[in-house]
Amino acid sequence: VRRPDLCSSTPNQVLGPLRTTTPACILNVPSEANYTEQLPAGLGARLQEAGVSIPPWQGRPTSTLEKKKRKPHLMEEDEPSGALLKPLVFRVDETTPAVVQSVLLERGWNKFDEQEQNAEDWNLYWRTSSFRMTEHINVKPWQQLNHHPGTTKLTRKDCLAKHLKHMRRMYGTSLYQFIPLTFVMPNDYTKFVAEYFQERQMLGTKRSYWICKPAELSRGRGILIFSDFKDFIVDDMYIVQKYISNPLLIGRYKCDLRIYVCVTGFKPLTIYVYQEGLVRFATEKFDLSNLQNNYAHLTNSSINKSGASYEKIKEVIGHGCKWTLSRFFSYLRSWDVDDLLLWKKIHRMVILTILAIAPSVPFAANCFELFGFDVLIDDSLKPWLLEVNCSPALTLDCSTDVLKRKLVHDIIDLIYLNGLRNEGREASNATHRNSNIDAAKSDRGGLDAHHCLPYESLSFTSRMYNKDDSVVEKAVSVHPKAAPASQLEGEMSGQEDFHLSTKEMAQSKPKIQSRHTRHKTLMPYASLFQSHSCKTKTSPRVLSDHGKAPDPQAGNFVLVFPFNEATLGASRNGLNVKRIIQELQKLMNKQHS
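Reading the values: rules and limits
- Residues numbered from 1 in each chain as written.
- Predicted model: local features only at pLDDT ≥ 70, side-chain atom pairs only at ≥ 80, totals over all residues.
- Heavy atoms only, no water.
- Pairing = 2+ DSSP bridges.
- Helix = DSSP H or I, 4+ residues; strand = E, 2+ residues; numbered from the N terminus.
- Buried < 20%, exposed > 50% of the residue type's maximum accessible area, 1.4 Å probe, protein only.
- Axes fitted to C-alpha atoms, helices over the stretch in contact; angles between N-to-C directions.
- Core = buried A, V, L, I, M, F, W, Y, C linked by side-chain atoms within 4.5 Å.
- Salt bridge = Lys/Arg side-chain N within 4 Å of Asp/Glu carboxyl O.
- Phe/Tyr/Trp six-rings, centres within 6.5 Å; stacked < 30°, edge-to-face > 60°.

Participant: Residues and numbers for the sheet that holds strand β3 (residues 89-91), please.
Facilitator: If you walk across this open sheet you meet the 4 strands as β4-β3-β5-β6, and the pairing is parallel. Pairing within the sheet leaves two strands with one partner each, and these edge strands are β4 (110-111) and β6 (144-145). Both strand β5 (residues 124-125) and β6 contribute to a ladder of 2 bridges, which runs parallel. Paired with Tyr 125 across the bridge in β6 is Leu 145.

Shown next, in the form of C-alpha cells:
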C-alpha cells in the first residue's frame, strides 16, 4: 500500500534512509512474517493502527488486467522481493504556474500523462481555477487538491465585506477595525449616498476620498478613486470603500504587503502564515491632487511594470516595484519601529478574517488553499486589509519574485508534514447532513481520529514522542532542500539596490512613532502568540488528530492557528468561534497591558 509518510529503499530495511525531497514511496514486502520481523519492537502494531495494511503473500503471479486495476504506484508482486521507491506524480492544466511545475520536477516528481497513465494515477493536482464539488468528493486517499471548496466567500470582495460586517456586528468593532468602511453596490447605494453627504457636511471644505472596486476582478482592473460624487459611476457589482489617504510612504511612494497564508484544513481549522512575502510599490510618488494616476495610487505589479518609472532607480525604493518583506521590516527597524508588534497585528487580522467564513465552509478532505492577503500600512502603523486573493500570482517577473520558488517548496513540505489529513469526527457529523459526502468518505476508507500515531503529550514549543514514535520520526524525516543558487543571487541583487538607496533614507523617514524591539536576527518572525523554542525538521504526519497540535513550522510557514490549547480544543468537534474570539481578546489585552 502506498503511504506518503513511510519510506523505504533497500530489501533489508523496511524503513529506509532519509530523503531530501517529498516523502513519497511504495512499501512492498515478500511476506507478512518477514515484514513483521524487520519492524522495530511495537512498531508493526502501531503502523496497523495508523492504517498501513500488511498484505499477506499471495504466492501467485498477477495478471495484466489485475495490474491495470490497481491503485497508483503499487508494486507488482511478481517483481523481486524488497521495497521499491517510485516518484510522486503531479497533475496540471494550462493554468498551472510554471514555477509549480518546475519545483515539483526539481523535487523528483513526475508529470501526469493522461495518455499513458490511469485517470487516478496522480498525487497532487495543482491548477489556478477551483475544483467542482464532485471532484472533491471523488478524491482518493493518496491525492491532494490545491483548492478548498467554499473559499470564494473570502476572495470575492463583496462576499468578504458582508462576512466581516457580520462578524463586527456579532463580536464588536474593536476586533474588526482593520477593514475600511465598505458599501456593497448596488444594495448599499442609498446608505453610501447618506454617508458621503453626511461626511462632506462634517468636513466642510476638506475633501474625503473613496475607492470603487469591481467585486470579481483582480490585478487593479476597473478601479476608480474619487472625491467628488459626480465622478462616481457604477453599472455592475462593485464595492465602495473609504480610501486610505494617509498610507505609510517610503521615499514618498505608496506600498502594500502581499502576505501568503496557507490553510491546510477548515475542520479542524489550521492556519499557517509565510514568514517571507512581497512589498509592492507604486512607481510614481503619492499625490492626492491627481486621483486618476494609477501609477501613484495602485500598487499592483501588473500595472506598475508597464509604467515609465518602473526601470528607473527611485528614491529609497531602488529599481523596479518590489521588495521582500524581510527588507521592508529591516527598513522599519532602522527607524525604531516595533516591527514584531506590526507582524503580530497582521497575524491576528489573518485569523479573524478566516474565522469569518470558516464555519460555513463545507467539509472536504485532502485539500489545502494558498491565499494572498493584501495589507496596507498607514502612517500610524495600523494594518488595513484590502482584499484576499485566491491563487496569488506565482509568476517570476523580477529577482525579488525568486522567493516564490521557496514558497512552493515549503508548501509541498507543509502538505506532507501534516500528511493526508483526516477530519475525523467533523467528517462523521457532516455525513449525517450529506449522504454524498458519506459515500465519498466510505470510498476513501478514511481513518478515525484514534487511528493516528499518538504523541505522548501536547506541546506547542517542543515535540515529544514516545519510544515508537521516535522510530517513526527518524524513519520519515525529510530535510527541505536548500535555497537554489538563483534565489540567493536574486536576494543579493535586491540588497544591492537597498544599499544604494540608504543615503536617501534620512530624507524619507516615515511619519511614525513606535517602540523599537531589539532582535538578534534579520528576520525575527516568531509565531504570533508564542515563540517556538525549536525549529523542527519537516516530518510528515499520518494525520492531524482532534486532540493533537499541528506541527508548529514547515520551512518558512509558521502555525498561527490554533495558538494555544484553548483554541486547539475550540477548533475540534465543531468550530467554537465565540471561544476563539474570547482567547483573541485575552491575548490583545495581555499585549496592551
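Participant: Can you tell me about the pairing of strand β12 (residues 253-266), naming the residues and giving the values?
Facilitator: The element β12 is largely enclosed, with a buried count of 14 among its 14 residues. The pairing of strand β11 (residues 249-250) with β12 spans 2 bridges and is antiparallel. In the sheet register, Ile 250 faces β12, and the bridge partner there is Tyr 253. Linking β11 to β12, which pair antiparallel, is a turn of 2 residues; within it Gly 251 sits at a positive phi near 65 degrees. In this structure, β12 lies alongside strand β14 (residues 278-281), joined through 4 bridges in antiparallel fashion. Its bridge partner being in β14, Leu 257 is matched across the sheet by Val 279. Of the pairings in the sheet, the one linking β12 to strand β13 (residues 269-274) comprises 5 bridges and is antiparallel in character. The partner of Phe 266 across the bridge, within β13, is Leu 269. What sits between the antiparallel neighbours β12 and β13 is a turn of 2 residues.

Participant: Give a detailed account of the sheet that holds strand β8 (residues 210-214), specifying residues and quantitative values.
Facilitator: An order of β7-β10-β8-β9 is seen for the 4 strands of this open sheet, with the pairing classed as antiparallel. Sheet topology places β7 (182-185) and β9 (224-226) at the edges, where each strand pairs with a single neighbour. Strand-to-strand twist in this sheet, taken as the mean axis angle between neighbours without regard to direction, amounts to 20 degrees. Taken together, the 5 bridges between β8 and strand β10 (residues 238-242) define a ladder with antiparallel strand orientation.

Participant: Outline the nonpolar core, listing residues and values.
Facilitator: Ile 259, Phe 328, Ile 354 and Phe 373 are the most contacted members of the largest nonpolar core, which has 61 residues in total. The dominant element in this core, judged by the number of residues it contributes, is helix α12 (residues 339-355), at 9 residues. Grouped together as the second largest cluster of nonpolar side chains are 29 residues, Val 99, Trp 109, Phe 368 and Phe 557 included.

Participant: Provide a residue-level description of the pattern of salt bridges, including the pertinent values.
Facilitator: Applying the stated rule across the entire model yields 20 salt bridges. For Asp 158, the salt bridge goes to Arg 156, with nearest N and O atoms at 2.6 Å. Where Lys 230 meets Asp 228, a salt bridge forms, and the shortest distance between an N and an O atom there is 2.7 Å. Note on Asp 228: relative accessible area 28%, which makes it partly exposed. Within this structure, Asp 256, Arg 258, Arg 280 and Asp 374 form a network of salt bridges that share partners.

Participant: How would you sum up the packing of aromatic side chains? Please name residues and give values.
Facilitator: To describe a pair of aromatic rings, you give the distance between the ring centres and the angle between the ring planes. The final tally for this structure, using the stated rule, is 26 aromatic pairs. Taken together, a centroid distance of 6.1 Å and an interplanar angle of 50 degrees make the contact between Phe 192 and Tyr 196 tilted. Note that Phe 192 and Tyr 196 are positioned in helix α8 (residues 189-203) at a spacing of 4 residues, about one turn of the helix. The buried category is assigned to Phe 192, whose relative accessible area is 0%.

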